Every structure is written in structure tokens, then in C-alpha cells.
Amino acid sequence: SQKIEQNSEALNIQEGKTATLTCNYTNYSPAYLQWYRQDPGRGPVFLLLIRENEKEKRKERLKVTFDTTLKQSLFHITASQPADSATYLCALDPYSGNTPLVFGKGTRLSVIA
Amino acid sequence: SAVISQKPSRDICQRGTSLTIQCQVDSQVTMMFWYRQQPGQSLTLIATANQGSEATYESGFVIDKFPISRPNLTFSTLTVSNMSPEDSSIYLCSVEGRSSYGYTFGSGTRLTVV
């Protein structure tokens, strides 16, 4: 079965720096790879989706890369702010929609002012 | 993207009792997904609920313990039956978004069994 590793349980960075989070997966390449933000006591909120034929996707201060050779996605937050502090989850969508996502354990990001 | 209303947001229950969690979606969706998130862990899929048919359960989850109803395309319930402290967790429902909008989640139900 598909397995996902987010290799940092927690990451602390200074405000203004770029945070880089890593997601590695095993087995087959998913159709989509998604990133979510989760705040304490809340459900995950969708941030970005990248397809298997895309190398990079950007949205404001967020950037996601997808390397199907390395079986890895990197998630970047540039000019980080204390409000970016949250848990970030990587999720795989194996079949292009309407199937359940497979989640990593998440990385808890703390941006220090 | 869809908006989900999930109730209750939290509850404290006695062991041996049951709790029913509701999710109402503001649009019709084919499938709804129910997840469990134990403290400090990621989301684990419990079952997939398709309207008009029985839910499909993942390994380790059974219908007698987690019965699911899906009476129409905008509503679903998950019941946690005969609860024990090990069932203390956050329970989340989810639906697929449209096109590139990802999946939408309810705000979660934080369950504590004492």
C-alpha cells in the first residue's frame, strides 16, 4: 500500500525566512499530491494541488514541487510569518479524484518572531 | 468549494454509550469520507460512504462499531458505538472539491470517552 513520510515532525524557523517541508512516498506515483494546513482543533484546509505531470505550482507565498523520479514533494513558504504556524499535511490522491486521500503525519511549523 | 457543517464539535461520553456525528454539505456530492485523527497522529480513513449503498470500511474498522448512514447526497452520519477510552479522538468528514480545489473537511468532532 502507499506510504507517505513527512520527515520532520516539527520545524522552527525565524520570521521572514523560507520554510521548506518534505513529503516522500513509496510505491506508485499518485495522480495528485495535495498540501493541507491544520490548526489545532480544526479540520484540514486545502492549500495546493499538483498533478503528476506538473513540476511546480505556486500560490502567493506558497510553492510546491513534485519530483516523480525522487518520489518527493517539497512545500515552501516564503517570507514566513508567525500566522503561518500550523501543522502542514501532505496527502496523496491515487486515482484523480473521488477516492479517499492518504495522509502523511504532518509537520508542525512554528514561525518565531 | 463545498461547505460542510459538522456536529457536535466536541463531546464527553461515558464508556459503553454511543455518539452520532452528523455532516451536512451545502451541495450534492457522490462520496463522503470519514476519518479518525488520534492525538498527535495523522488522519486515518474509517470508511467511504456512497449514497444508496452500504459504506465501504477500511481494515480495522467494522460496521457494528462505526455504523454509517447516507440517506441523501448532502448528508451523512457516523455513529461510534459501545465507546471505550480508546475511541477518544477527533472524527472528521470530508468530500472532494471541484477541479483543483482539493478536498473539503468538516471542522471535526473531538470525542473524549471517560
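1. Focus on the state of the cysteines
Moving on, step 1. One pass over the structure, following the stated rule, counts two disulfides over all chains.
Moving on, step 2. Cys-23 of chain A shares a disulfide with Cys-90 of chain A; S-S distance 1.9 Å. Looking along the S-S bond of the Cys-23 of chain A-Cys-90 of chain A disulfide, the torsion reads about -60°, which is the left-handed sense. Residue Cys-23 of chain A is located in strand 3 (residues 19–25), and its partner Cys-90 of chain A is located in strand 9 (residues 86–93); the two are separated by 67 residues in the primary sequence. Note on accessibility: Cys-23 of chain A and Cys-90 of chain A belong to one class, buried.
Moving on, step 3. The disulfide that involves Cys-23 of chain B links it to Cys-93 of chain B, with 1.8 Å between the sulfurs.

2. So, the confidence of the model for chain B
Moving on, step 1. When the pLDDT values of chain B are averaged, the result is 93; 97% of them are 70 or greater.
Moving on, step 2. Across chain B, the element-wise mean pLDDT spans from 93 in strand 10 (residues 103–105) of chain B up to 98 in strand 3 (residues 19–25) of chain B.

3. Concerning the sheet that holds strand 3 of chain B
Residue and element names in this part refer to chain B.
Moving on, step 1. What the four strands build is an open sheet, ordered 1-3-8-7; its pairing is antiparallel. Two strands lie at the open edges of the sheet, namely strand 1 (4–7) and strand 7 (68–72), each paired on one side alone. Between one strand and the next, the sheet's axes are offset by a mean angle of 15°, whatever the strand orientation.
Moving on, step 2. The sheet contact formed by strand 1 and strand 3 spans four bridges and is antiparallel. Following the sheet pairing, Lys-7 is matched in strand 3 by Gln-22.

So, how was this worked out
- Residues numbered from 1 in each chain as written.
- Chains lettered and ligands numbered in written order.
- Predicted model: local features only at pLDDT ≥ 70, side-chain atom pairs only at ≥ 80, totals over all residues.
- Heavy atoms only, no water.
- Disulfide = S-S within 2.5 Å.
- Helix = DSSP H or I, 4+ residues; strand = E, 2+ residues; numbered from the N terminus.
- Buried < 20%, exposed > 50% of the residue type's maximum accessible area, 1.4 Å probe, protein only.
- pLDDT = per-residue confidence, 0-100.
- Pairing = 2+ DSSP bridges.
- Axes fitted to C-alpha atoms, helices over the stretch in contact; angles between N-to-C directions.

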